[in-house]
Amino acid sequence: VLQVLKEKISLLPDSHRDALAADIDSIMYTTEGDVRIYYDDDGIKFVSILMCFWYLNGASLPDEVPGGAKVFQIVFGDESTKEKKHLLTANYEFQREFTEGAKPDWTITRIEHPRLLE
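Notes on the structure follow. Bear in mind the structure is a predicted one, so any value in this text is a computation, not a measurement.

1. A look at the overall build of the protein
Turning to step 1, where the next piece is worked out: The helix and strand inventory of the protein stands at two helices and seven strands.
Turning to step 2, where the next piece is worked out: Reading the protein from its N end, one meets helices and strands in the order α-α-β-β-β-β-β-β-β.
Turning to step 3, where the next piece is worked out: Within the span of the protein, comprising 118 residues, buried residues form 26% of the whole.
Turning to step 4, where the next piece is worked out: Within the protein, contacts between residues at least 6 apart in sequence are counted, and of these 54% link residues at least 24 apart.
Turning to step 5, where the next piece is worked out: Carbon together with sulfur atoms contributes 54% to the accessible area of the protein, which is approximately 8,100 Å² in total.

Take a look at the structure:
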């Protein structure tokens, strides 16, 4: 997955790469989209959590992005100090083995930045 992501990012314009970056202070809202517990064919227990993030980003993006989707914009300040930011979304799916004795390591299994990585 990491190699595919690197390839996709290398093809993006600079403005879209900048929009992928989210400072911890710019995250406005988070929620879990889906939580699943499942077992594979060998009886190993896994937990999968889809986390959804909404964040503000000042990257220079067009009002319309591929696919015709609207990018929400928020303007801070008055006319002399006006700063435009976009409200963007990002979804990350994390997976961890929960079999007794397994390492407590989470792995990112899916990354979605709608309208930016398409």
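2. Side note on the pattern of salt bridges
Turning to step 1, where the next piece is worked out: What the rule picks out here adds up to four salt bridges.
Turning to step 2, where the next piece is worked out: One salt bridge in this structure joins Arg110 and Glu112, with 3.4 Å as the shortest N-O distance.
Turning to step 3, where the next piece is worked out: Under the relative-accessibility criterion, Arg110 is labelled partly exposed at 32%.
Turning to step 4, where the next piece is worked out: A network of salt bridges, in which partner residues are shared, links Asp34, Arg36 and Glu93.

3. Some words on the environment of Gly58
Turning to step 1, where the next piece is worked out: Assignment of secondary structure puts Gly58 in the loop between β2 (45–57) and β3 (64–65).
Turning to step 2, where the next piece is worked out: For the pair Gly58 and Ser26, spaced 32 residues apart in sequence, the C-alpha separation works out to 9.9 Å.
Turning to step 3, where the next piece is worked out: Residues within four places of Gly58 in sequence aside, it is in contact with Lys84 and Lys85.

4. What about the nonpolar core?
Turning to step 1, where the next piece is worked out: Listed in full, the nine residues of the largest apolar core are Leu12, Ala19, Leu20, Tyr55, Ala59, Leu61, Leu88, Ala90 and Leu116.
Turning to step 2, where the next piece is worked out: Elements represented by at least two residues in this core include exactly α2 (14–20) and β6 (83–97).

5. A word on the pairing of β2
Turning to step 1, where the next piece is worked out: Within β2, 10 of the 13 residues are buried, which leaves it mostly tucked inside the rest of the structure.
Turning to step 2, where the next piece is worked out: Taking the residues that link successive antiparallel strands as the turn, the strand β1 (residues 27–39)-β2 hairpin has five residues, and the phi of Gly43 there is positive, at about 80 degrees.
Turning to step 3, where the next piece is worked out: The pairing of β2 with β6 spans 12 bridges and is classified as antiparallel. If you follow Met51 over to β6, its bridge partner there is Tyr92.

6. Some remarks on the packing of aromatic side chains
Turning to step 1, where the next piece is worked out: Scanning all chains against the criterion turns up four aromatic pairs.
Turning to step 2, where the next piece is worked out: Seen in terms of ring centroids, Tyr29 and Trp54 are 5.2 Å apart; in terms of plane orientation they differ by 50 degrees. Their pairing is tilted. Residue Tyr29 is located in strand β1, and its partner Trp54 is located in strand β2; the two are separated by 25 residues in the primary sequence.
Turning to step 3, where the next piece is worked out: On the basis of relative accessible area, Tyr29 is assigned to the partly exposed category, the value being 49%.
Turning to step 4, where the next piece is worked out: Trp54 sits in the partly exposed class, given a relative accessible area of 29%.
Turning to step 5, where the next piece is worked out: An angle of 65 degrees between the planes, with centres 6.3 Å apart, marks the rings of Phe98 and Trp106 as edge-to-face.
Turning to step 6, where the next piece is worked out: A cation over an aromatic ring shows up here: Arg96 above the ring of Phe98, its NZ or CZ 4.0 Å from the ring centre.

Conventions used here
Residues numbered from 1 in each chain as written. Predicted model: local features only at pLDDT ≥ 70, side-chain atom pairs only at ≥ 80, totals over all residues. Heavy atoms only, no water. Helix = DSSP H or I, 4+ residues; strand = E, 2+ residues; numbered from the N terminus. Buried < 20%, exposed > 50% of the residue type's maximum accessible area, 1.4 Å probe, protein only. Contact = heavy atoms within 4.5 Å. Areas by Shrake-Rupley, 256 points an atom, 1.4 Å probe, with all protein chains shown as cover. Salt bridge = Lys/Arg side-chain N within 4 Å of Asp/Glu carboxyl O. Core = buried A, V, L, I, M, F, W, Y, C linked by side-chain atoms within 4.5 Å. Pairing = 2+ DSSP bridges. Phe/Tyr/Trp six-rings, centres within 6.5 Å; stacked < 30°, edge-to-face > 60°. Lys NZ or Arg CZ within 6 Å of the ring centre and 35° of its normal.

All quantities given are derived from atomic positions and should not be read as evidence of function.
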